Amino acid sequence: MLTIKNLHAKIEDNEILKGLNLEVNAGEVHAIMGPNGSGKSTLASVLAGREEFEVTEGEITYQGKNLLELEPEERAREGVFLAFQYPVEIPGVSTINFMKTAVNQVRESRGQEPLDAVSFLSMMKEKMKLVEIDQSLLNRSLNEGFSGGEKKRNEIFQMAMLEPKLAILDETDSGLDIDALRIVANGVNKLRTKNNAIIVVTHYQRLLEYIVPDFVHVLYKGKIVKSGTKELALELEAKGYDWIKDQVAVV
Amino acid sequence: MESAPKGLNEDIIRFISAKKSEPEWLLEWRLKAYRQWKTMKEPKWPNVSYPEINYQDVIYYAAPKQKAKPKNLEDVDPELLKTFEKLGISLTEQKRLTGVAVDAVLDSVSVATTFKEKLAELGIIFCSFSEAVQEHPELVKKYLGSVVPMNDNYFAALNSAVFSDGSFCYIPKGVRCPMELSTYFRINAANTGQFERTLIVADEGSYVSYLEGCTAPQRDENQLHAAVVEIYAMKNAHVKYSTVQNWFPGDKEGKGGIYNFVTKRALCFGDHSKVSWTQVETGSAITWKYPSCVLKGDYSSGEFYSVAVTNNYQQADTGTKMIHIGKHTKSRIVSKGISAGHSQNSYRGQVHIMKRAEHARNFSQCDSLLMGDKCGAHTFPYIDVENNSGKVEHEATTSKIGEDQIFYCLQRGIDEESAVALIVNGYAKEVLNQLPMEFAVEAQKLLALTLEGSVG
Ligand SMILES: Nc1ncnc2c1ncn2[C@@H]1O[C@H](COP(=O)(O)OP(=O)(O)OP(=O)(O)O)[C@@H](O)[C@H]1O
Ligand SMILES: [Mg+2]
């Protein structure tokens, strides 16, 4: 589904990603961990098509297409979804209205009719249940005055609405209380199918107890320096990153 | 097309008056206004610049050819109806879908007033200004100029001299008008100025919601529009006046467009009367407009909700005046400016609490949203308090449309134009919410259209 080869990306002359390789297949869940500032969110931004980041080398193939040639909204319509580490506030625009616009534009790009009000509402009700989100929250201005946890839950609600092929969850667990973490993780698990893939960026092994990954990668200084299975996350939790940093230094 | 020769002199005014078979007193009124206008100077204080207007180069009267006066839509020249249809504001549609009563002023003449009979049953008078002069001269004579005196300002004086048509509305005591009343203005002919006059009289305890829409086709030359709207609200009356202004703004280089110099004022004469102005201003090359409320009655209140968008080389100097005269008078101002391109957008607002106005209250919120870095937003609040028993609050913010917000939308599959439309409509929501439903939808589309291509 997604193949990243030797990816280099910079922002304002700072090279952040320095030769990153990653292969993600349909049906897989990949966890990306790594110290603060190692480039996890940058990778997510590059995948989503944020203009500020310039790709200087390497390639990204997504479903057989050159992802880097697609505009951000085209990527989204092709099924790339990013749950933002810091969701953005849009005053005066309700989540419902926002999602109606998004869902219908995605449908339009696929040659489908826009959803009528009734179908949209029933779809929304169904997805609301999935993440146990309250409609009163969705009637409010998008993310404005939301608590940290509400913002994250709202991101997963949007993911559920858009049914992406490739979802990138950037620290969706941070700011969630223990119950919310379980609810959000369950929601994500329900969205997990043979046909889609999920990249989970996280600092904590706890999330991975709920969303069990097929692979765990360590991103450090702009590269994936170690990959393993879910046991790697446990090891990182116990030992921290120093031993990996040491290994990298030796190489 | 039937029109007067270019230029302005007493003969032209006589010509207009004669065309409309006006009574002598109205001709005299016009001539008096004209004589005053000649002694006045065009105001130079607005924050706009434009080449000198040659008032002798304007046609002051143009009427679309009509055989007989139309009684209903079916009698209206189909060509005219087609023009409306092209604009997406079809009278038939409006009539069918919304039950809005429409008076359409094309160039200078009123062409259709729908629902007249139905309103008449309630004693509501809603007709073209010319018709009102013929059929209700006593009302017109009593209230014309009672809110905006003929010599109030340069453009009001000009309008008083040459106004060609407009709408008249009277809501009798205790009547709640059951439908939105709507006037629709359009300038069609080249080199033509439009000077319509609207007079709304709301008798004690009455209510009316009034809508005004306007458009003009693209032309290379600038066209002049100087309208006057007067609202007279008696005891316990409530008038809501909404405008969606979409005059041609000029092209991307700033060529052409309407010069929109408008005087709108409401007199809250009676105790507990209330007038709300809501405006969505997207058009015109130059806008000079300050819908105001004179709060004379005790406990009377005035509201002003405005969204003014400027793009390319548009210039807007708009705002309001709230004059508190009576006790316990209240006013609320919510102004949302949006500037893009090379445009200049100024809010100019005056709040005047007079000596007698015990316990007056005002709240003003003036926000500016900038798109790009070549445009300007300016705020000129004038606050004048002569009685300290009340409360005046003023808040102002300036923000830029965020890259982050746009990217967030893009990431959800929303294209950039729609993203901007969404963000801007969200920003203007408090004002748009004041508009009647079907107008709000129209206004949202207009905002998006005006800002098309203004990011990136
Ligand atoms: N606009 C920018 N200008 C300069 N440097 C930037 C910019 N944005 C990000 N960076 C830098 O890029 C590096 C990687 O940032 P990134 O957000 O990808 O880290 P991260 O791995 O997601 O960290 P965290 O775990 O704290 O979320 C950091 O050093 C950061 O300061
Ligand atoms: Mg991050």
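Residues numbered from 1 in each chain as written. Chains lettered and ligands numbered in written order. Predicted model: local features only at pLDDT ≥ 70, side-chain atom pairs only at ≥ 80, totals over all residues. Heavy atoms only, no water.

(A) Spotlight on the packing of helix H4 (residues 117-130) of chain A against helix H6 (residues 148-162) of chain A. Residues and elements named next belong to chain A. With their axes 9 Å apart at the nearest point, H4 and H6 run at an angle of 130° to one another. Put simply, H4 runs oblique to H6. For the crossing formed where H4 meets H6, the hand is right-handed. From H4, Phe 120, Met 123, Met 124, Lys 127, Met 128 and Leu 130 reach across to H6, where they touch Phe 157, Ala 160 and Met 161. Classifying every residue of the contact of H4 with H6 gives eight nonpolar, no polar and one charged. (Axes fitted to C-alpha atoms, helices over the stretch in contact; angles between N-to-C directions. Helix = DSSP H or I, 4+ residues; strand = E, 2+ residues; numbered from the N terminus. Parallel < 35°, antiparallel > 145°, perpendicular 65-115°, else oblique. Left-handed = near helix turned anticlockwise from the far one by under 90°. Contact = heavy atoms within 4.5 Å. Nonpolar A, V, L, I, M, F, W, Y, C, P; charged D, E, K, R; others polar.)

(B) Molecular detail of the site of ligand 1. Residue and element names in this part refer to chain A. Taken together, 15 residues lie near ligand 1, and Gly 37, Lys 40, Ser 41, Thr 42 and His 203 sit nearest. Contacts to ligand 1 include Glu 171, whose side-chain N or O atom sits 3.2 Å from an oxygen atom. A distance of 2.8 Å separates an oxygen atom of ligand 1 from a polar side-chain atom of His 203. Compared with its free state, where it exposes 640 Å², ligand 1 has 64% of that area covered by protein. Among the elements of the structure, strand E2 (14-24) and helix H1 (40-48) are those that each provide at least two residues to the shell around ligand 1. Looking at which element gives the most residues to the shell around ligand 1, the answer is H1, with three residues. For the shell around ligand 1, the class distribution of residues is three nonpolar, nine polar and three charged. (Near = heavy atom within 4 Å. Polar contact = N/O pair within 3.5 Å; in protein donor to acceptor, adjacent residues only side chain to side chain. Areas by Shrake-Rupley, 256 points an atom, 1.4 Å probe, with all protein chains shown as cover.)

(C) Representation of the interface of chain B and chain A in the model. Contacts between the two partners involve 18 residues from chain B, matched on the other side by 30 residues from chain A. Overall, the association of chain B and chain A removes approximately 2,000 Å² of surface from exposure, summing both partners, and the carbon and sulfur fraction of that is 63%. It is B:Phe407, B:Tyr408 and B:Arg412 in chain B that bury the most area against chain A; as a group they hold 37% of the surface buried on that side. The interface formed by chain B and chain A holds two salt bridges in total. (Buried area = accessible area lost by both parts, 1.4 Å probe. Salt bridge = Lys/Arg side-chain N within 4 Å of Asp/Glu carboxyl O.)

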